[in-house]
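Examination of the molecular architecture
Next come the chains, spelled out residue by residue.
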Amino acid sequence: MATNNMKRIGKRGAQVEYSNAWEVMRPFVHFGIKAASAIAHTLIYIVKHVPKPGSPNPPEKKRDKIIKI
């Protein structure tokens, strides 16, 4: 291996400028916010609709119908 192709530990490479970092990351940030919002709404819906342990159960419907085959 040629010595000019070897990388040395601790030696910094050329610095890359990120002048348009926000324009690059904006779709990902937007998607992350929308995904977090969807997960939060789903969790709130689940918590609201899970029956509480102390709440009375709804009365069961009696089936008066007789089905003859």
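Everything here concerns the structure above.
All residue numbers refer to positions counted from 1 along the written sequence of the respective chain. Residues qualify for local features only when their pLDDT is at least 70, as the model is predicted, and side-chain atom pairs are given and counted only at 80 or more; totals for whole chains, interfaces and linings, by contrast, use all residues. Hydrogens and waters are ignored; side-chain quantities use all the structure's heavy atoms.

1. A few points about the overall build of the chain
- Put simply, DSSP H or I for four residues or longer makes a helix, DSSP E for two residues or longer makes a strand, and each gets a number counted from the N terminus. Along the backbone of the chain there are 1 helix and 0 strands.
- Taken as a whole, the chain presents about 8100 Å² of accessible surface, with 62% of it coming from carbon and sulfur. Calculation of accessible area relied on Shrake-Rupley with a 1.4 Å probe; when residues are assessed, cover is drawn exclusively from the protein chains displayed.

2. Focus: a nonpolar patch on the surface
- Here a patch means residues that are over 30% exposed by relative accessible area and free of salt bridges, tied together within 9 Å if like-charged and within 5 Å if nonpolar (Val, Leu, Ile, Met, Phe, Trp, Tyr). The term salt bridge refers to a pairing of a side-chain nitrogen on Lys or Arg with a carboxyl oxygen on Asp or Glu at a separation within 4 Å. Together, W22, V24, M25, F28, V29 and I33 make up a nonpolar patch on the protein surface, roughly 620 Å² of accessible area in all.
- With respect to the secondary-structure elements, V29 resides in helix α1 (residues 21-49).

3. Topic: α1
- Helices are assigned an expected span. That span is 1.5 Å times one less than the residue count. Between its terminal C-alpha atoms α1 stretches 42 Å, which fits the 42 Å expected from 29 residues at 1.5 Å a residue.
- Here the bend at a residue means the angle between the axes of two seven-residue stretches, the one that ends at it and the one that starts at it. Bending of α1 peaks at approximately 35 degrees at the position of P27.

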